[in-house]
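# Fold and contact review
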Amino acid sequence: MADRKATLQVDGNSIELPILTGTAGYDVIDVRTLGKHGYFTFDPGFLATGACESKITYIDGDKGILLHRGYPIEQLALEADYLEVCYMLIHGEAATAEEYQAFRSTITNHTMVHQGLYNFFNGFRRDSHPMAMLCAVTGALSSFYHDDLNINDPKQRVRSAYRLVAKMPTIAAMCYKHSIGQPFVYPQNKLSYSENFLNMMFSVPAEDYVISPTIANAMDRIFILHADHEQNASTSTVRLAGSSGANPYACIAAGVASLWGPAHGGANEACLNMLEEIGTVDRIPEFIAKAKDKDDPFRLMGFGHRVYKNFDPRATVMRDTCHEVLNELNISDPLLDVAMELERIALEDEYFIERQLYPNVDFYSGIILKAIGIPTSMFTVIFALSRTVGWISHWHEMLSEDSQRIGRPRQLYTGEAQRDFAPIKK
Ligand code: SDX
C-alpha cells in the first residue's frame, strides 16, 4: 500500500486522503476519515466504490482478464476441475495432489443432506420456481447444522464452507426433481462432483443412467466459469449479511436471493427466453431496435457488464464449449444460430460498440445447459450452485480480517426537514 495522498479542496478546506495501491488494478482513495470532516461519499450502485480488500479474484474489465488467486480463468477452465478451483478459492493456494484427494473425499462425504430437509419440499407447489425452493432450503440448513455456526472459529467456517459446496448440488437436484414430480436421487460417492450432480438430476429408479463424459466435463467447466467474480451484487450481499454475524447458511441464502434478479444471475434464464422469443435470425433487427429504444425497458439479455468493457473471458470459453458440446452430441440448435448472428450484429452496431456492450458469461451458458437437458427455470440454480464457493470464500475472507466491522452505508437525505406531528382529532 503506497503512502501517496489525494487532496480534496472543499468549502475552503484541504482534506488529505491516503491513496492505497493493490497488486493490480485501480488505486483506491481511502475515504474512511471523510466523515470527520462532515462529508460522505455518494455512489449509488457503487460505480466507483471499493467495498473491501480481497485476495480472491481479480478482474480487469478493459483487458477482459479474470484471475482466481492469480490463475487465469482460461487456464483453470481447461486444465483444472471444479473442486480444484473450490480448494484454491477457499484456501488461497492450489491444492497439492494429497490436499486435493483429501478435499475431494471430504466433499464427497458431505453430499448427503439431513433427511428432515426432504420434508421441506412437501410444502412447495410443483410449479414453484426452483430458485424460490433453493433460497428457502439453503436458509433452512442452519436449522440442521449447529456444530459450525461459531463464525469466529476458522475451523468451523471452513467446515460450513465444505458442507455448502458439498450439499448445494444435492439441494439443486432436489429442487428439479420436485418440480417434475420424480423421486429424489441420493448422492453416489463413487461418482465425481459433476457426475454426481447429473446423476441426481437425471437418473430415475426405473433404469440405469449412463453419464456422458462430454456432458460431465461441460458441467464441470460451467461450474468453474461461474465460481466467483469479485464483488458482484450477490457476493456483496453475502458480505454485508455476514458482516452482522449472521450464520453462513443465512448469508448464502441471501446471496441466492440477490443472484435471482434478471440483471444478475437470472440473466441466463432471461437470455434463453429472449433467444426463444426472437426465434429466427430474421427477427433479430426487431429486437436490436427494442434494445436501443430508450422508451423500451427491453435489454439484450446476456449482453453488457458493469466491469467488462471488453469480452467477458468466461463468455469466450463458454462459446467454445458450446460449439464443442453441440458438435460432440451432434445437436444442431437453431437458438445457437440466433445467438451467433445476434452476437455478430450487436458487435457491429454503433450503439453496442459505443457503450462497450459485449456478450457476458450468461450469453452462451443457457444454450449449453439446454443441450445438456437442463430446463431454463434451473439455469440460475446452476449459477447459484457454482457461485456458492465464491460467496463462502468471500465470507470466510471477510471474517478472517481483524478489522472486520458491520457494513453500514450512509445516505444523502432528501426527505422532509423536521416538522411537528398533528394528531388526528379522535
Ligand atoms: C452477471 O457483476 C458481476 O460480475 C456479475 C456477473 C457475475 O459473475 O457475478 O458477471 C454475472 O450478472 C452478468 C450480467 C448479466 N446481466 C445481463 O446480461 C442483463 C443485461 N445487461 C444489463 O442489464 C446491464 O448491462 C448490466 C446490468 C449487466 C450492467 O448494467 P450497468 O453497468 O448498470 O450499465 P448501465 O445500465 O448503466 O448501461 C449503460 C448503457 C445504458 O445506455 P445509456 O443510458 O448510456 O444510453 O448501456 C445500456 C444502458 O441502457 N445497456 C444496454 C444493455 N446493457 C446496458 N442496452 C441494451 N442491452 C443491454 N444488455
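Just above sits the structure.
For the structure given in this document, a descriptive report is provided here. Computed from a predicted model, the values in this text were never measured in an experiment.

Attention shifts here to unusual backbone geometry. The backbone of Phe46 shows a phi angle near 55°, a positive value even though the residue is not glycine. Its location among the elements puts Phe46 in the loop between strand S3 (28-29) and strand S4 (57-60). Non-glycine residue Arg69 carries a positive phi angle of around 55°.

A few words now on the site of the ligand. Neighbouring the ligand are 24 residues; His229, His305, Arg306, Arg314 and Arg387 lie closest to it. Note that an oxygen atom of the ligand is positioned 2.9 Å from one of the side-chain N or O atoms of Asn360. Protein contacts shield 78% of the accessible area of the ligand, which totals 1,000 Å² for the unbound molecule. Here the shell around the ligand is built from residues that sort into ten nonpolar, seven polar and seven charged.

This part takes up the environment of His146. With respect to the element layout, His146 can be found in the loop between helix H5 (130-140) and helix H6 (154-180). A residue is classified by how much of its surface remains accessible, and His146, at 56% relative accessible area, is exposed. When the C-alpha positions of His146 and Ser160 are compared, they lie 9.8 Å apart, and in sequence the two are 14 residues distant.

Turning next to helix H7 (residues 193-202). Because an α-helix packs 3.6 residues into every turn, residues spaced three or four apart end up facing the same way. Counting buried positions along H7 yields nine of ten residues, so the element is predominantly enclosed. Buried within H7 are the following residues: Tyr193, Ser194, Asn196, Phe197, Leu198, Asn199, Met200, Met201 and Phe202. Residues of H7 that are buried make contact with helix H2 (82-91), helix H3 (97-108), H6, helix H8 (213-225), helix H16 (361-372) and helix H17 (379-400).

Right, let's get into the nonpolar core. In terms of nonpolar packing, the biggest core is built from 118 residues, with Met219, Leu275, Leu300, Ile372 and Ile374 touching the most fellow members. Sorting elements by how many residues they give to this core places H6 first, with 13 residues. Setting aside its immediate chain neighbours within four residues, Leu275 contacts Leu335, Val338, Ala339, Leu342 and Ile367.

The next point concerns the layout of surface pockets. Looking at the second largest pocket, its volume works out to about 200 Å³. Taken together, 16 residues make up the lining of the second largest pocket; nearest its centre are Asp81, Tyr82, Ala216, Asn217 and Asp220. Among the elements of the structure, helix H1 (73-79), H2, H3, H7 and H8 are those that each provide at least two residues to the lining of the second largest pocket. A total of four residues in the lining of the second largest pocket trace back to one element, the largest contributor, which is H8.

Here we take up the sheet that holds S4. Strand order in the open sheet made by the three strands is S4-S5-S6, with antiparallel pairing throughout. If you trace the sheet from one side to the other, it starts and ends with S4 and strand S6 (71-72), each paired once. Sheet analysis places strand S5 (residues 65-68) next to S6, joined by two bridges and oriented antiparallel. If you follow Leu67 over to S6, its bridge partner there is Pro72.

Thresholds, definitions, all that
- Residues numbered from 1 in each chain as written.
- Predicted model: local features only at pLDDT ≥ 70, side-chain atom pairs only at ≥ 80, totals over all residues.
- Heavy atoms only, no water.
- Helix = DSSP H or I, 4+ residues; strand = E, 2+ residues; numbered from the N terminus.
- Near = heavy atom within 4 Å.
- Polar contact = N/O pair within 3.5 Å; in protein donor to acceptor, adjacent residues only side chain to side chain.
- Areas by Shrake-Rupley, 256 points an atom, 1.4 Å probe, with all protein chains shown as cover.
- Nonpolar A, V, L, I, M, F, W, Y, C, P; charged D, E, K, R; others polar.
- Buried < 20%, exposed > 50% of the residue type's maximum accessible area, 1.4 Å probe, protein only.
- Contact = heavy atoms within 4.5 Å.
- Core = buried A, V, L, I, M, F, W, Y, C linked by side-chain atoms within 4.5 Å.
- 1 Å grid on protein atoms, 1.4 Å probe; cavity = no way out; pocket = protein on both sides within 12 Å on 5 of 7 lines; lining within 4 Å.
- Points joined across faces, edges and corners; volume = space filled by probe spheres on them.
- Pairing = 2+ DSSP bridges.

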